[in-house]
Amino acid sequence: MNYDYLIYLAIILLGTKLLGMLTRKAHMPQVVGALLAGLLLGPACLGVIHDTSFLSQVSEIGVIVLMFMAGLETDIQELKRSGKASFIIALLGVAVPLLGGYAAAILCGVGSSELSASVFLQRIFIGVILTATSVSISVETLKEMGKVSSKAGTAILGAALIDDILGIIALTMITSMADSSTNILLVLLKIVGFFLFAVVAGIVFEKIFGAWIRRYPLPNRRFVIISFVFCLTMAYCAEEFFGVADITGAYVAGLVTSLSPKRDVIYHEFDTVSYMLVAPVFFASIGLKVVLDSMSSSILVFTAVLLVVAVVTKVIGCGLGAKLCRYSNRESIQIGVGMISRGEVALIVANKGASLGLISDGLYAPIVVIVVFTTIVTPILLKMAFKKN
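No experiment lies behind these values; they were computed from the predicted model shown.

### Comments concerning the packing of aromatic side chains
Summed over all chains, the structure comprises 12 aromatic pairs. A centroid spacing of 4.9 Å and a plane angle of 20° characterise the contact between F205 and F209, whose relative ring orientation is stacked. Linking F205 with F209, this pair stays in helix α9 (residues 184-215), spanning 4 residues, or about one helical turn. The exposure class assigned to F209 is buried, which follows from its relative accessible area of 3%. Taking 5.7 Å as the distance between ring centres and 90° as the angle between the ring planes, the aromatic pair formed by Y236 and F241 counts as edge-to-face. The class for Y236 is partly exposed, based on a relative accessible area of 47%. By way of ring pairs, the aromatic residues F194, F195, F197 and F242 are connected into one cluster. The cationic tip of K151 hangs over the ring face of Y327; the distance from NZ or CZ to the ring centre is 4.9 Å.

### So, the side chain of E140
Here E140 lies in helix α7 (residues 135-145). Of the residues examined, E140 reaches a relative accessible area of 17% and is grouped as buried.

### Remarks on the packing of helix α6 (residues 119-131) against helix α13 (residues 297-324)
Close contact between α6 and α13 brings their axes to 10 Å; oriented N to C, the two are set at 50°. If you check the angle between α6 and α13, you find them oblique. Judged by the sense of rotation from one axis to the other, the crossing of α6 with α13 is right-handed. The segment α6 lies against α13, with I126, L130 and T131 engaging F302, L306, V309, A310 and K314.

Conventions used here
Residues numbered from 1 in each chain as written. Predicted model: local features only at pLDDT ≥ 70, side-chain atom pairs only at ≥ 80, totals over all residues. Heavy atoms only, no water. Phe/Tyr/Trp six-rings, centres within 6.5 Å; stacked < 30°, edge-to-face > 60°. Helix = DSSP H or I, 4+ residues; strand = E, 2+ residues; numbered from the N terminus. Buried < 20%, exposed > 50% of the residue type's maximum accessible area, 1.4 Å probe, protein only. Lys NZ or Arg CZ within 6 Å of the ring centre and 35° of its normal. Axes fitted to C-alpha atoms, helices over the stretch in contact; angles between N-to-C directions. Parallel < 35°, antiparallel > 145°, perpendicular 65-115°, else oblique. Left-handed = near helix turned anticlockwise from the far one by under 90°. Contact = heavy atoms within 4.5 Å.

Right under this line is the structure:
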């Protein structure tokens, strides 16, 4: 049996903590330090640690815990009030990057007749990759600043949730054109089915969980275990049965659990687990995925263009959507910035495209660069956006 994972965990925890302290002293969110730790320790720099299946699985638990905690912190009444606005923000936050990515691909001449898909599908798929939003990075930064339940923070969470759904629909439509085995109607029905399931599961859990709290003086740690079971079950069902991101299921579970009178106790216990193990591994794992081979000058140019497009289109798209919904200029910028990070979602989409011949192997490196860059820059810009005058 290989025990390398033990020393990997020790190095990751120490590295993320030390760099987190340094970035905090530099008046930047600690999550930036964790991301940089993964980049420095990984194959791109020192090569001390390589991404493994174990680290990937712990990382996945980390993002699930983060989204569950985000759900616990969310003000449901504010979320209801911002529901329509979140949809408009998400819609423009998908449409603008989609068009921007397609335009960047045309400008840089991306597209190969050697791949199975048409050049048009290859180029529009670049846009689909840019529609992704990884809200977990923004969530950690908002938590650190105490802004999760703010008006802009709630809009970011709501829009990101809808963004995932719209992104799935866009991905399905494009992949169905390249893969005849994908049925768009079935995917749409599954998405609707998930939210119906989530409503029913939420009502049942809240009734049973609430009844236990009222009738039995159980130790607090049992409430934490029960809520974690619910979180993992919702995450599994979302991904396995409905094709919806597991983090969406975890966020919904957090929203339901936030109605419990034990909400603060549950959040405190989860915060300890997150801070101690799973969150550092998740943030470091993003940097560990960076393995950059030699890139041609044309690919370097395309990477630079795509970086600009990735940042600008999210800020413009989501910011414009927020402005149309009567958010202030400041709040619109905060919301736009909070949606920049692509994270693991973009990598998952890129992997899907590669398997269907929608992007070449040479284009995977620019996608990784975009993921790392937007992941690192989002916390920095978000803190600047929320900084008081």
